[in-house]
Amino acid sequence: MENESDLNFEFWGGIGGHLEYEELNFPMKASYREIEEETGYKENEIKNFTLKYILIEESHGELRQQYVYFGETAHSNFIPSDEGELYWIHKSELLNLNISKAIRFTIQHYLANPDQTNICVGAVTADESEVSLIQWSTVKPTSSF
């Protein structure tokens, strides 16, 4: 592992990006594309790839939606990327990183609920004192109407 001072980046983010127009209804397709662009891992090299979280927040007048997938791979090496330096970080260290509030809330929720199988939707909002918080809902199958 790298020296701890080597990991003191101003901001940490996960692998990801924006949906292309033709991917708007297919966020998983976009996720596989972003993973390959940023790591070199191909779709068939990722197992148990599952949508776990959908995050919604308003930021500077823009309504942002983030789809957070979890998956597994046998690989430990990745290709160099123009997106920034890549590191494997143990899940016990994730909350020590400088990450966005939405992702911090998501990691906290995941660590408290590791066996959650339903998709969770989190709406980032603020309380009366303008302190950021998140409201979680679980997506469950509904009956037809």
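Use the structure listed above.
Throughout, residues of each chain are indexed from 1 in the direction in which the sequence is written. For this predicted model, a pLDDT threshold of at least 70 governs which residues receive local features, and a threshold of 80 or more governs which side-chain atom pairs are given and counted, while totals over whole chains, interfaces and linings are taken from all residues. Excluding hydrogens and water, the side-chain figures rest on all heavy atoms present in the structure.

A. Region of the structure containing the overall build of the protein chain. Regarding its fold elements, the protein chain presents 2 helices and 4 strands. Each helix is a run of DSSP H or I of at least 4 residues and each strand a run of E of at least 2, with the numbering of both proceeding from the N terminus. Reading the secondary structure of the protein chain in the N-to-C direction produces α-β-β-α-β-β. With the principal axes as the frame, the protein chain shows a C-alpha extent of 50 × 40 × 35 Å. Burial classes: relative accessible area under 20% of the type maximum marks a residue as buried, over 50% as exposed, and values in between as partly exposed (1.4 Å probe, protein chains only). Expressed as a percentage of the 145 residues in the protein chain, the buried residues total 23%. Within the protein chain, residue pairs in contact and separated by at least 24 positions form 45% of the contacts whose partners lie at least 6 positions apart. The distance from the centre of the 10 positive side-chain charges to the centre of the 25 negative ones in the protein chain is 8 Å. The contact definition used throughout considers only heavy atoms, calling two residues in contact when any of these lie within 4.5 Å. The positive count covers Lys and Arg only, the negative count covers Asp and Glu only, and His and the chain ends enter neither. Charge placement uses NZ in Lys and CZ in Arg. For Asp and Glu, CG and CD serve respectively.

B. Broad picture of the sheet that holds strand β4 (residues 132-138). The strand order β2-β1-β3-β4 describes an open sheet built from 4 strands, whose pairing is mixed. Both outer strands of the open sheet, β2 (62-72) and β4, are each paired with one neighbouring strand and no more. Adjacent strand axes in the sheet meet at a mean angle of 20 degrees when their direction is disregarded. Pairing analysis gives 10 bridges linking strand β1 (residues 47-59) to β2, with the strands arranged antiparallel. Counterpart to I56 in the pairing with β2 is Q65. Pairing between two strands is assigned when DSSP locates at least 2 bridges connecting them. What counts as an axis is a line fitted to C-alpha atoms, over the stretch in contact for a helix, and the angles between N-to-C directions run from 0 to 180 degrees.

C. Fine view of the packing of aromatic side chains. Two rings from Phe, Tyr or Trp (for Trp, the six-membered ring) form a pair when their centres sit within 6.5 Å of each other. Planes less than 30 degrees apart are called stacked, planes more than 60 degrees apart edge-to-face, and all others tilted. Under the criterion given, the structure shown has 7 aromatic pairs. On the basis of an interplanar angle of 35 degrees and a centroid distance of 4.5 Å, the ring pair of Y32 and F49 is categorised as tilted. Of the two residues, Y32 sits in helix α1 (residues 27-39) while F49 sits in strand β1, which places them 17 residues apart along the sequence. For the pair Y32 and F49, one class covers both residues: buried.

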